[in-house]
Amino acid sequence: EKEREKIMQFTKNAIGAYGGASSCLGNSLYISGVPGTGKTATVREVIRTLRQEAANKKVPKFNHIEMNGLRLQTPQHAYSLIAEELTGRRFSPSRAAEWLEKRFKEGKESDGRVLVLVVDELDVLVTQTQSVLYNIFDWPTYKASNIAVIGIANTMDLPERLLPKIASRLGSGRVTFNPYNTSELIKIIEARLRSTGDYISDGKYDAITQNAVQLASMKVAQISGDARRALELCRRGIEIAEARIARERDSGELNCVSRCGPNDISKAQNEMFSATYMKMLKGLSKHERIFLAALLLRTRQLGYKEVYVSDVLEVHEKLCMNHSVQTLPTGFETTIVCRLHSMRLVLADPGYMRRLQKVSLNIPQEQAMYSLKDDMLCADMRWIKNAL
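Description of the structure in this document. It should be emphasised that the depicted structure is a prediction, and the values quoted were computed from it without experimental measurement.

### Regarding the pairing of strand β3 (residues 114-120)
Successive residues of a regular strand alternate their side chains across the two faces of the sheet. The buried fraction of β3 is high, at seven of seven residues. Of the two faces of β3, the one holding V114, V116, V118 and D120 and the one holding L115, L117 and V119 are both buried throughout. Both strand β2 (residues 62-68) and β3 contribute to a ladder of seven bridges, which runs parallel. Within β3, the position partnered with N68 by the bridge is D120. Tracing the backbone out of β3, into helix α5 (residues 131-138) and back to the parallel element strand β4 (residues 147-153) gives a crossover that is right-handed.

So this is what it looks like as structure tokens:
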């Protein structure tokens, strides 16, 4: 609610909902947070609410464009998409860039309404020169632009890693979505159940028990706090329960649990977080497991899928020092990367590059996180659970 209120206030201020002229000059907002925390959904809900209010003449009418960086052919095609949305005509990226510059600098062909531009997966638009991001966040600085930009990305420190001229355009307007905790996930799951008409009474549901909801929420909160994962885990648990109940009815031995219970959620969890990776990780040495944990931490910090081995080793060394583990001998990092690469747990550049190798996870982050947090797998390093 707090994050939604900030986004609502920013957007209302940009479109002039508080009376007087719109104040979108230089207005940009950067929204960050781990996947599944509702960043995009919250922005869409705010836009939908304001559009309804605009239709009822409670706030000024405004234009809205949403684009996802992952769906663009190249970062430069962002220009083409925006120009096409505004005019209905097709443009090449270079022609669109020229037209947009005139449109926002001089106000040509503008209908006078404020444009709220939402850029999802903003980090995908980062190029070597960073010109696309610079132009997008430079447009609101023009007096005639009538544009406010909302950027969304998973990386919290993206502005710090951009060129100073872009970071200055972003300003201090930021909203951070933290991972959901257990109680928040329970509320989200229960809200979804009520919306499907599954609610009976006194917090009871037709398809799933309260204990199962709590277990699913707790498990996901420990790993990622991703609401989508929690809902998916419950959905799969209910499917497993339905199959179990059908088998029990056919055999005439109906279990007392006629809804999805904790055991069904546990089975769903084992399916979603495949035991295959657990078996592979069980064969790893202590330092290989710490290296994977360091790689996870570093990729989440930087927001990149690929990172340098030298960066991972910095985190690896800190983890070892903080938890009284003997550090790696010099040169041993190549052996670790080669072994993890041979097991297809990571992807890596050629070994001769040593610390300048780029390395990335070859398994889903959540799978690696779940496996490394497993008490049986890391019984000799329980501190890893807290480090992750």
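Still more ground to cover, so stick around.
### Quick look at the nonpolar core
In this structure, L292 and L340 are the most contacted members of the largest nonpolar core, which totals 34 residues. Sorting the residues of this core by element identifies α13 (286-302), α14 (309-322), α15 (332-342), β8 (358-361), α16 (365-372) and α17 (383-387) as the ones contributing at least two each. Per element, the largest residue contribution to this core is nine residues, and it comes from α13. With near-sequence residues (within four places) excluded, L292 lies in contact with L281, L284, L340, V346, L361 and L372. By size, the runner-up hydrophobic cluster in this structure holds 31 residues, among which are I65, L72, L100 and I166.

### Quick look at the sheet that holds β8
Taken together, the three strands give an open sheet; going across it, the order is β6-β8-β7, and neighbouring strands pair in antiparallel fashion. The open sheet is flanked by β6 (307-308) and β7 (346-348), the only strands paired with a single partner. Relative to β8, β6 runs antiparallel, the two sharing two bridges. Bridge pairing in β8 links V307 to V359. Across the face of the sheet, α13 comes into contact with β6, β7 and β8 while running at roughly 95° to β8.

### Regarding the pattern of salt bridges
Under the definition given, this model contains eleven salt bridges. Its salt-bridge partner being E45, residue R4 comes within 2.6 Å of it at the nearest N-O pair. With R4 in helix α1 (residues 2-15) and E45 in helix α2 (residues 39-55), this residue pair connects regions lying 41 residues apart in the sequence. Assessed through its relative accessible area of 24%, E45 is described here as partly exposed. A salt bridge links D264 to R244, with the shortest nitrogen-to-oxygen separation between them at 3.0 Å. Highlighted residues: D264 in helix α11 (residues 262-272) and R244 in helix α10 (residues 227-251), separated in sequence by 20 residues. Look at R244 and you get buried, because its relative accessible area is 11%. Taken together, the shared-partner salt bridges connect E232, R235, R236 and E239 into one network.

### Digging into α11
Residues of α11 that are buried: D264, I265, A268, Q269 and M272. Within α11, the buried residues cover an arc of 140° as seen down the axis, which keeps them to one side. Residues of α11 that are buried make contact with α9 (210-223), α10 and α16.

### What about the packing of α10 against α11?
Relative orientation of the contacting elements α10 and α11 amounts to 120°, with a least axis distance of 8 Å. Crossing of α10 over α11 shows right-handed handedness. Between α10 and α11, the contacting residues are R229, E232, L233, C234, R236, G237, I240, A241 and R244 on the first element and D264, I265, K267, A268, Q269, E271 and M272 on the second. Partitioned by chemical class, the residues of the contact of α10 with α11 number seven nonpolar, two polar and seven charged.

### Observations concerning the side chain of N68
If you trace the backbone, N68 turns up in strand β2. Given the relative accessible area of 17%, N68 is considered buried. There is a polar contact of 2.8 Å between the side chain of N68 and the backbone nitrogen of L70. Residues within four places of N68 in sequence aside, it is in contact with D120 and E121.

What counts and how
Residues numbered from 1 in each chain as written. Predicted model: local features only at pLDDT ≥ 70, side-chain atom pairs only at ≥ 80, totals over all residues. Heavy atoms only, no water. Buried < 20%, exposed > 50% of the residue type's maximum accessible area, 1.4 Å probe, protein only. Helix = DSSP H or I, 4+ residues; strand = E, 2+ residues; numbered from the N terminus. Pairing = 2+ DSSP bridges. Right-handed = clockwise from strand over helix to strand, strands pointing away. Core = buried A, V, L, I, M, F, W, Y, C linked by side-chain atoms within 4.5 Å. Contact = heavy atoms within 4.5 Å. Axes fitted to C-alpha atoms, helices over the stretch in contact; angles between N-to-C directions. Salt bridge = Lys/Arg side-chain N within 4 Å of Asp/Glu carboxyl O. Arc of directions from axis to C-beta. Left-handed = near helix turned anticlockwise from the far one by under 90°. Nonpolar A, V, L, I, M, F, W, Y, C, P; charged D, E, K, R; others polar. Polar contact = N/O pair within 3.5 Å; in protein donor to acceptor, adjacent residues only side chain to side chain.

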